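Analysis of the macromolecular model
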Amino acid sequence: MKARVFKVYCSSGETAYRGDFSEFPEPHRTRLIEAVDQWGDVMVGWGVNELIYSLTRWHDEKGNDGKNEKIARLIMCVGSINRITAEERD
């Protein structure tokens, strides 16, 4: 089975996230991957922002202890996120 790499881009073109969402615990990881699979190719702008925000709120509520840097960066950039892509890797 091929591994997938997801990239989340900001409106500036900067990559806010690159990885397989393994930093997300279940069921958040599964929900995020299912949403990207179902809607990722048609979601742009605010739709992407809302998706990321709604699926990362739990992390922001944790306080500073136990926060993951990659997820925290997504939350920090949520206002400027405008695109998600997925690539298959060997």
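Basis of the calculations
- Residues numbered from 1 in each chain as written.
- Predicted model: local features only at pLDDT ≥ 70, side-chain atom pairs only at ≥ 80, totals over all residues.
- Heavy atoms only, no water.
- Salt bridge = Lys/Arg side-chain N within 4 Å of Asp/Glu carboxyl O.
- Helix = DSSP H or I, 4+ residues; strand = E, 2+ residues; numbered from the N terminus.
- Buried < 20%, exposed > 50% of the residue type's maximum accessible area, 1.4 Å probe, protein only.
- Disulfide = S-S within 2.5 Å.

Once that is clear, we can look at the pattern of salt bridges. Taken as a whole and assessed by the stated rule, the structure comprises 5 salt bridges. Between R4 and D37 there is a salt bridge whose closest N-O contact spans 2.5 Å. Highlighted residues: R4 in strand β1 (residues 3-10) and D37 in helix α1 (residues 28-39), separated in sequence by 33 residues. Assessed through its relative accessible area of 27%, R4 is described here as partly exposed. Across the salt bridge formed by E87 and R89, the nearest N and O atoms sit 2.6 Å from each other. Where salt bridges share partners, they join K7, E87 and R89 into one cluster.

A few words now on the state of the cysteines. What the rule picks out here adds up to 0 disulfides. No disulfide involves C10; its sulfur sits 4.2 Å from the nearest other cysteine sulfur, which is in C77. Take C10: its relative accessible area is 4%, and that puts it in the buried class. By relative accessible area, which is 9% here, C77 ends up buried.

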